[in-house]
Amino acid sequence: MSPEDVSILIVDDEVDTCRNLSDILTDLGYQVDVAHDGAFGLEMVRRKTYDVALLDLKMPGMDGLTLYRRIKELRAGTVAIILTAYASSETATEALDAGAWQVLSKPVDIPYLMRQVDTAADQPLVMIVDDDHDLCENMWQLLREREFRVCVAHDEQEAKQRLADRDYKVVLIDMKLPGGDGRTVFRTVREADPDARTVVITGYRSEMDQLIQQVVSEGADDVCYKPFDVTHLLETVQRLAATREH
């Protein structure tokens, strides 16, 4: 992604740290917002989608790890880099287990941080549309391990909101959703971003067969059935994401 297309949130109670990072990133062309405490940072996340969040670990009130857990609930596709002067193996493990991408020590190695921001922003963006929260969490973990950015929607309306925010490389669509079926979501994806690759998923193979065939005839790229062959599913997502790249 070009820097001008990348939005970054910096949350740190150290004003000088925020100013320095913001100046550097802004000069490089990134869109940058700053918050000096976790509560305000969370409010900004409610209002806007960020590609990358640089979060100080130790802050008065809400610490960076708690903030990231809340960000993940609201904007699962935001990649978090935790910055801390109190790094330890226990701290790093806890942050990484929560889903943060990296934990970097302060004082920050600026050239290294800039490279990590570039890498994070370039990770392919995937959306999972499924009302099964546990499945979404498991898929989020599997795809993040392969350095995809992963957004999650649990119903048709939430999917529409996510699609309005940004473009996706691949969208996984459950065919049986609350209040409807995945066909409407598929058509919304096609209208919002015709280049997005789509995979329809279902645990109701025979019941959904006719609907699936219809969606495939309209241009869905692949079908994966639950319980997933995880290796096949991940290879499918990687293949489709690479196809869109070209």
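Residues numbered from 1 in each chain as written. Predicted model: local features only at pLDDT ≥ 70, side-chain atom pairs only at ≥ 80, totals over all residues. Heavy atoms only, no water.

### As for the packing of helix H7 (residues 156–165) against helix H8 (residues 182–192)
In step 1: At a minimum axis separation of 10 Å, H7 and H8 run at an interaxial angle of 10°. When the axis of H7 is compared with that of H8, the two are roughly parallel. Side by side, H7 and H8 meet where Glu-156, Ala-159, Lys-160 and Leu-163 of the first sit next to Thr-184, Val-185, Thr-188, Val-189 and Ala-192 of the second.
In step 2: Considering only residue class, the contact of H7 with H8 consists of five nonpolar, two polar and two charged. (Axes fitted to C-alpha atoms, helices over the stretch in contact; angles between N-to-C directions. Helix = DSSP H or I, 4+ residues; strand = E, 2+ residues; numbered from the N terminus. Parallel < 35°, antiparallel > 145°, perpendicular 65-115°, else oblique. Contact = heavy atoms within 4.5 Å. Nonpolar A, V, L, I, M, F, W, Y, C, P; charged D, E, K, R; others polar.)

### Describing the environment of Ala-242
In step 1: Examined against the element boundaries, Ala-242 turns out to sit in helix H10 (residues 230–245).
In step 2: Residue class for Ala-242 comes out partly exposed when judged on its relative accessible area of 35%.
In step 3: Each C-alpha atom of the pair Ala-242 and Val-200 lies 18 Å from the other, and the pair is 42 residues apart in sequence. (Buried < 20%, exposed > 50% of the residue type's maximum accessible area, 1.4 Å probe, protein only.)

### Comments concerning helix H6 (residues 133–145)
Two residues of an α-helix separated by three or four positions point the same way, owing to the 3.6 residues in each turn.
In step 1: With 13 residues, H6 extends 18 Å from end C-alpha to end C-alpha; this agrees with the ideal 18 Å at 1.5 Å per step.
In step 2: Along H6, the residues that are buried comprise Leu-135, Cys-136, Met-139, Trp-140, Leu-143 and Arg-144. Looking down the long axis of H6, one finds its buried residues gathered within 155° of arc, a one-sided arrangement. Of the exposed residues in H6, the ones pointing more than 90 degrees away from its buried face are Asp-134 and Glu-145.
In step 3: Regarding H6, its N-cap is Asp-132, as a side-chain oxygen of that residue lies 3.1 Å from the backbone nitrogen of Asp-134 further along.
In step 4: Two residues or fewer past H6, Glu-147 is found with a positive phi of approximately 60°. (Expected span 1.5 Å × (residues − 1). Arc of directions from axis to C-beta. Polar contact = N/O pair within 3.5 Å; in protein donor to acceptor, adjacent residues only side chain to side chain.)

### Section: empty space enclosed by the protein
In step 1: All chains considered together, the criterion is met by one cavity of 30 Å³ or more.
In step 2: Counted as a void, the largest cavity has a volume near 40 Å³.
In step 3: What lines the largest cavity is Thr-49, Arg-75, Ala-76, Gly-77, Thr-78, Cys-151, Arg-162, Asp-165 and Arg-166.
In step 4: When grouped by side-chain class, the residues that make up the lining of the largest cavity number two nonpolar, three polar and four charged. (1 Å grid on protein atoms, 1.4 Å probe; cavity = no way out; pocket = protein on both sides within 12 Å on 5 of 7 lines; lining within 4 Å. Points joined across faces, edges and corners; volume = space filled by probe spheres on them.)

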